[in-house]
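# Observations on chain architecture
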Amino acid sequence: MIGTVLFGVFLVLMVLGVPIGVAMGLAAILAIGLANMDAMWFGLLAVPQNFYASVGKYPLLALPMFVLVGTIFERSGVAARLVNLMIAIFGRGPGMLPMVAIMVAMMLGGISGSGPATAAAVGGVMIAAMTRAGYKPEFSASVIGAASAIDILIPPSVALIIYSVLVPGASVPAMFAAGLFPGILFGLGLMVPAFLLSRRYRMGVSEHQEPKPPLGKSLREAAWGLAAPVLILGGMRAGLFTPTEAAVVAVFYGLFVGMVIYRTLTPRDLLQIFMEAAELSAVILTVVGLAGVFAYSLSTLGLIDPVTSAIVNSGLGEIGIILLLIVLLIIVGMFLDGISIFLIFVPLLMPIAQHFQWNLVWFGIFLTVLVAIGQFTPPMAVNLMVACRIAVVSMERTVFWVMWLLLAAFMVLLLLLVFPEIATWLPERLGY
Amino acid sequence: MQDSKGGSPEESQTARQEESPSSNAPAILVEDYAGAIIMGVLAVITFINVIIRYFTSQSFAWTEEISIFLMILLTLVGASSAFVKNHHIAIEYFALRARPKTNRALMQFARFMGMLMFGSLAILSARLVWDDFRFDETTPAIGIPQWWYSIWMPLLSLVIFIRLSIQAWRAGKAS
């Protein structure tokens, strides 16, 4: 009964456009109040306590820091320099620019932790150039929308930090290591249809007429950007930094590159960057805090066990439940961002994962891939929306192209299901 | 997170335009400056901690306590600004496809729900602060009174409540 109230109120409020966090918080308040009618203050003092406890976790400090890193590098002009370098290395020709776009999106993913930010940075640099070279804008938008979805897989990823905070036993370094190969595989998977479609529809035939940047100069300029993921991931691997410290070192490195080397950042930009990063972090942390209250109500009201046993004993079997999760999370991923999805679903799904004794690191990567796919599935894909806005095309017109990219993504998902080692090998090898 | 961020601000811009073309939200709020400063302090504290640990191989426990406190401050301060600018993560799919009048009603409803949430949070957390004050709770690492930290939660929740009230009032007058 109370469970119905909790989920019902949450769903209705969410669909009506109430911010996700507020919807979760109010549903939880109502449910806690109903369950504790005779207690002092209806047991509601747990609400601020859980908000405080959910946000006030030291490992979570990595989140605002990585958001700041992403905002700094997005403004520093590193995307354009990486594009130059990739073109200098791989040359010009039909089908090359979409592959460059995917590679640059992956590399930026290794610096920032947010998909739409990468879609904006890569789209801003690439879409005009791709249109000039003869690629259809709706094709370019599809490729960039899909490529930037890889961001939440490639470390550092804010979504993986959230998963790790929610799941004891899946540390941030382990999640980061686990995301690396699936992320690269995802990128390679997308390159296949991107390249074949360019050839098949004779796009980019005038690409070789575009100027080719000199290799030496491009490399010198892009090296500063390329060094960032090395600094972040290498520093963590070498045990020099915790994830939070790696992020903060990258913050100062990014500021140095932007202000001293590239000279793209002015002190005025700096204030704006910090304001933007502060608000962005706060928006996420608000959901984290209020989702903590929601999760508290779920667990103390004893709502998780019945749901778990209902699903586990539904006769679907392990494969059936995995298929169910795939459908469910991709649909949810079309409407919601990865972090909100994790905050809502991970507490619910964890007992199921434990029942089947799934590797929790692998499970996190599996969920992340599903969310990534949802983020470029029309009609409500956040990343695709950003790319479409830059390309000035409607999302309906991308459907034909996105279809093929989705097919590739599903192949990667299938690989991850059949060979879980793709995710689990590296963290095990590194001893996390 | 980080993810609908890039999408949602622009989406909500459309929503805002449809809702009230006349009332322009202030470009920069006090909360934005506060957020930027907190963000900067967090980065500097953590960075100093790395350097000190690197040279002396010991870290300060007090930085952890301060950082956590600052993160909560950041959350509430930034949440306030995001409410004014309509940047909070929400499913706007249905609201944006509704008729303008329905859309306005939904936006107003969302504001009232936000007021309900943060109004409750202000009252409930004020009760906790009173306990901290009454029982002379001190913080574990630094040993200062706990209520120096906890007082900010009801205060800033109240700020959010007031910000939302002003938004709702303006939207109500415009329509």
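Bear in mind the structure is a predicted one, so any value in this text is a computation, not a measurement. (Residues numbered from 1 in each chain as written. Chains lettered and ligands numbered in written order. Predicted model: local features only at pLDDT ≥ 70, side-chain atom pairs only at ≥ 80, totals over all residues. Heavy atoms only, no water.)

## Concerning the interface of chain B and chain A
Contacts between chain B and chain A engage 64 residues on the former and 73 residues on the latter. Carbon and sulfur atoms make up 79% of the surface buried where chain B meets chain A, a total of about 6100 Å² over both sides. Counting across the chain B and chain A interface gives 1 salt bridge. Salt-bridge contacts for glutamate 279 of chain A lead to lysine 85 of chain B; the nearest nitrogen and oxygen are separated by 3.6 Å. The tally of links between chain B and chain A comes to 3 residue pairs in polar contact (both at pLDDT 80 or more). For the side of chain B that touches chain A, the secondary-structure elements that each account for two or more residues are helix H1 (7-19), helix H2 (30-56), helix H3 (61-85), helix H4 (93-97) and helix H5 (100-134) of chain B. For the side of chain B that touches chain A, the residue count by class is 38 nonpolar, 17 polar and 9 charged. (Contact = heavy atoms within 4.5 Å. Buried area = accessible area lost by both parts, 1.4 Å probe. Salt bridge = Lys/Arg side-chain N within 4 Å of Asp/Glu carboxyl O. Polar contact = N/O pair within 3.5 Å; in protein donor to acceptor, adjacent residues only side chain to side chain. Helix = DSSP H or I, 4+ residues; strand = E, 2+ residues; numbered from the N terminus. Nonpolar A, V, L, I, M, F, W, Y, C, P; charged D, E, K, R; others polar.)

## Notes on the packing of aromatic side chains
Residue and element names in this part refer to chain A. Per the counting criterion, the structure on display carries 23 aromatic pairs over all chains. On the numbers, 5.1 Å between centres and 50° between planes, the contact of phenylalanine 10 with phenylalanine 294 is tilted. Taken as a pair, phenylalanine 10 in helix H1 (residues 2-15) and phenylalanine 294 in helix H13 (residues 267-300) lie far apart in primary sequence, 284 residues in all. Taken individually, phenylalanine 10 and phenylalanine 294 each receive the classification buried, so the pair is uniform in this respect. Cluster of aromatic residues (ring-pair linked, three or more members): Tyr135, Phe139, Tyr201, Phe400 and Trp401. The lysine or arginine in question, arginine 81, covers the ring of tyrosine 262, its NZ or CZ lying 3.9 Å from the ring centre. (Phe/Tyr/Trp six-rings, centres within 6.5 Å; stacked < 30°, edge-to-face > 60°. Buried < 20%, exposed > 50% of the residue type's maximum accessible area, 1.4 Å probe, protein only. Lys NZ or Arg CZ within 6 Å of the ring centre and 35° of its normal.)

## As for the environment of tryptophan 425 of chain A
Mapped onto the elements of the fold, tryptophan 425 of chain A is located in helix H20 (residues 421-429). A relative accessible area of 44% places tryptophan 425 of chain A in the partly exposed class.

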